[in-house]
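Residue-level structural notes
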Amino acid sequence: MKHYFYISLLLASIMPFSSVAVEVTSNDVYVQIYLINEEINFLKRFFNITQTTQAPEMKAVLLPRHTWQKTYEVLYKISIFRQKVGLPFIAIPSRDPIQEVTHLHIYEQSLRILTELTLLKFYLGIPDKIASPPAFSGKTVTNNFNLLSHISYQIDLLNGTEFNPSAVFGQAMRIYEDVNMLVEALELKDDTTPATEKANSGPADSFTMALQLLQEIKRIQNLAGIEAIDVYAFNHAKNITPTEVFGITGIILAELQTIKAYLGLKHAFTPLANFYYDKTPGDVVQMLGWSLKKLQLIQSLN
């Protein structure tokens, strides 16, 4: 152990401490996401899946932090596909809370997704036939988000299923843990309790509660002068399913990172998602509602 410690000190002393010099644009990110889409289309053809599905198109002005969370969603679904073909589920990595997610962060996540798809093809004995991508210009963060959303829906076809309430509950628990970090960091007295679970709740109820939670996060962001989003621009889906609820929980997590970063919670990683079974939309509503109660305790960030 002592030997390892000294080696670590030596490496730290000789490694240059310089900022990242590479510049990545939204167009560069789009190229990588385009390649991911081509890989998913290739897998669909390999498994003779001719069906397609249309993801709701987001028209709001988005930020890279929202796209980062969409890459998490895609990786999660790829991991489900791994299980389907007999490979072990992989934990999806989190990251340090930072005030500003950049195109570079999305680019590296896209490379991780492409690596996972390359490994999948290797394990399954599928030849690599993806052609070089064309050049793109004028692509925005929202373009990147929407193409990733389209990819997410196509992976559902590979998996033969979309997200279920148990998967969404796992996200609700991650939100709950992040909110607890904020309450504890601010040393607030917390005597909140979860509301009684409402019977016959559906995904639309979960989505509505998620929007309320986002609105409360926006209030806290305003206290800190953090750039916030138009919450109700996310209320665009006509048919709310667990997949849409999972997506909005990703937006919530993206927004919570900005508050954690503002409070200096540099290494307060959002916990990995645990596996849950037999959860219902009512469970999701209850957990998101409890998180909302906790956020309402925050009246100052001093």
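Our structure's up above, just so we're on the same page.
Residues numbered from 1 in each chain as written. Predicted model: local features only at pLDDT ≥ 70, side-chain atom pairs only at ≥ 80, totals over all residues. Heavy atoms only, no water.

1. A short note on the overall build of the chain
How we decide: Secondary structure follows DSSP: runs of H or I at least 4 residues long count as helices, runs of E at least 2 residues long count as strands, and numbering of each begins at the N terminus. C-alpha atoms define the radius of gyration, and 2.2 Å times the number of residues to the power 0.38 defines the globule rule. Exposure is judged per residue with a 1.4 Å probe applied to protein chains only, and the accessible area is read against the type maximum: over 50% gives exposed, under 20% gives buried, and values in between give partly exposed. Every residue pair with non-hydrogen atoms within 4.5 Å of one another is taken to be in contact. Surface exposure here means Shrake-Rupley accessible area, sampled with a 1.4 Å probe, where a residue is shielded only by the protein chains that are shown. Charge counting follows a simple rule: Lys and Arg are positive, Asp and Glu are negative, and His as well as the terminal groups are ignored. By convention, the charge on Lys lies at NZ, on Arg at CZ, on Asp at CG and on Glu at CD.
From N to C terminus, the chain includes nine helices and zero strands. For the chain, whose C-alpha radius of gyration is 20 Å, the value lies close to the compact-globule estimate of 19 Å for 302 residues. Projected onto its principal axes, the C-alpha coordinates of the chain cover approximately 60 × 60 × 45 Å. Relative to its full complement of 302 residues, the chain shows a buried share of 49%. By sequence separation, contacts in the chain at least 24 residues apart represent 90% of the contacts at least 6 residues apart. A total of about 15100 Å² of accessible surface is found on the chain, and carbon and sulfur atoms cover 55% of it. The average position of the 25 basic charges and that of the 28 acidic charges among the side chains of the chain differ by 3 Å.

2. Regarding the nonpolar core
Quick reminder of the rule: What we call a nonpolar core is a set of buried Ala, Val, Leu, Ile, Met, Phe, Trp, Tyr and Cys residues that are connected through their side-chain atoms within 4.5 Å.
Residues I151, F234 and I248 are the most contacted members of the largest nonpolar core, which totals 80 residues. Among the elements of the structure, α2 (26-46), α3 (64-84), α4 (103-124), α5 (141-159), α6 (165-185), α7 (203-224), α8 (242-262) and α9 (281-295) are those that each provide at least two residues to this core. The element that contributes the greatest number of residues to this core is α6, accounting for ten residues. Contacts of I151, omitting those with residues within four sequence positions, involve I33, I36, N37, I40 and V74.

3. Regarding the packing of aromatic side chains
We count it as follows: Note on aromatic pairs: the rings of Phe, Tyr and Trp (six-membered ring only in Trp) are paired at centre separations within 6.5 Å, and the planes decide the class, stacked below 30 degrees, edge-to-face beyond 60, tilted for the rest. In this scheme, Lys NZ or Arg CZ marks a charge over a ring once it lies within 6 Å of the ring centre and within 35 degrees of the ring normal.
By the definition in use, this model includes 13 aromatic pairs. Where F47 meets F81, the ring centres are 5.8 Å apart and the plane angle is 85°; that geometry is what we call edge-to-face. Of this pair, F47 sits in the loop between α2 and α3 while F81 is found in helix α3, placing the two residues 34 residues apart along the sequence. With relative accessibility at 3%, the residue F81 sits in the buried group. Relative to F163, the ring of Y76 lies with its centre 5.6 Å away and its plane at 65°, an arrangement referred to as edge-to-face. Of this pair, Y76 sits in helix α3 while F163 sits in the loop between α5 and α6; the two residues are 87 residues apart in sequence, bridging distant segments of the chain. Classification of Y76 as buried rests on a relative accessible area of 8%. Three or more aromatic residues joined by ring pairs form one cluster here, namely Y72, Y76, F89, F163, F246 and F275. Over the face of the ring belonging to Y153 we find K77, whose NZ or CZ atom lies 5.6 Å from the ring centre. Against the face of W68 rests R95, its NZ or CZ located 4.7 Å from the ring centre.

4. Considerations on the pattern of salt bridges
As a reminder, the rule being used: Salt bridges are defined by distance alone: a side-chain nitrogen of Lys or Arg within 4 Å of a carboxyl oxygen of Asp or Glu.
In this structure the tally under the stated criterion is nine salt bridges. Of the charged contacts, one joins K260 and D178 as a salt bridge, the two residues approaching to 2.9 Å between their closest N and O atoms. Of the two residues, K260 is situated in helix α8 and D178 in helix α6; the sequence distance between them amounts to 82 residues. Pair check on accessibility: K260 and D178 agree, each one buried.

5. A closer look at α3
The criterion, for reference: The span you would expect from a helix comes to 1.5 Å times its residue count less one.
When the terminal C-alpha atoms of α3 are compared, their 31 Å separation across 21 residues agrees well with the 30 Å that a helix rising 1.5 Å per residue should span. Counting buried residues in α3 gives 18 out of 21 residues, a clear majority hidden from the surface. After α3 finishes, the residue G86 shows a positive phi value of roughly 95°.

6. Quick word on the packing of α7 against α9
What counts is decided by this rule: To define axes, lines are fitted to C-alpha atoms, for helices over the stretch in contact only, and angles between the resulting N-to-C directions are given on a 0 to 180 degree scale. Working definition: roughly parallel below 35 degrees, roughly antiparallel above 145 degrees, roughly perpendicular at 65 to 115 degrees, and oblique for all remaining angles. We call a crossing left-handed when the near helix sits turned anticlockwise from the far one by less than a right angle, and right-handed when that turn is clockwise. In this classification, Asp, Glu, Lys and Arg are treated as charged, Ala, Val, Leu, Ile, Met, Phe, Trp, Tyr, Cys and Pro as nonpolar, and every other residue, Gly included, as polar.
Across the interface, α7 lies against α9 with an axial gap of 9 Å and an inter-helix angle of 15°. Relative to α9, α7 is oriented roughly parallel. Judged by the sense of rotation from one axis to the other, the crossing of α7 with α9 is left-handed. Contacts between α7 and α9 involve P203, D205, S206, M209, A210, Q212, L213, E216, I217, R219 and I220 on the former and, on the latter, P281, V284, V285, L288, G289, S291, L292 and L295. Across the contact of α7 with α9, the residue classes tally to twelve nonpolar, four polar and three charged.

7. Describing the side chain of T142
Short version of the rule: Any N or O atom pair separated by 3.5 Å or less is treated as a polar contact, with the protein-specific requirement of one donor-capable and one acceptor-capable atom, and with residues adjacent in sequence counted only for side-chain atom pairs.
Within the secondary structure, T142 is located in helix α5. Polar side-chain contacts of T142 include one of 2.9 Å to the backbone oxygen of A60. Ignoring anything within four residues of it in the chain, the contact list for T142 reads M58, A60, V61 and L62.

8. Re the environment of A91
By the element assignment, A91 lies in the loop between α3 and α4. Using a relative accessible area of 55% as the deciding quantity, one classes A91 as exposed. A91 sits 181 residues away from L272 along the chain, and the two C-alpha atoms are 7.0 Å apart.

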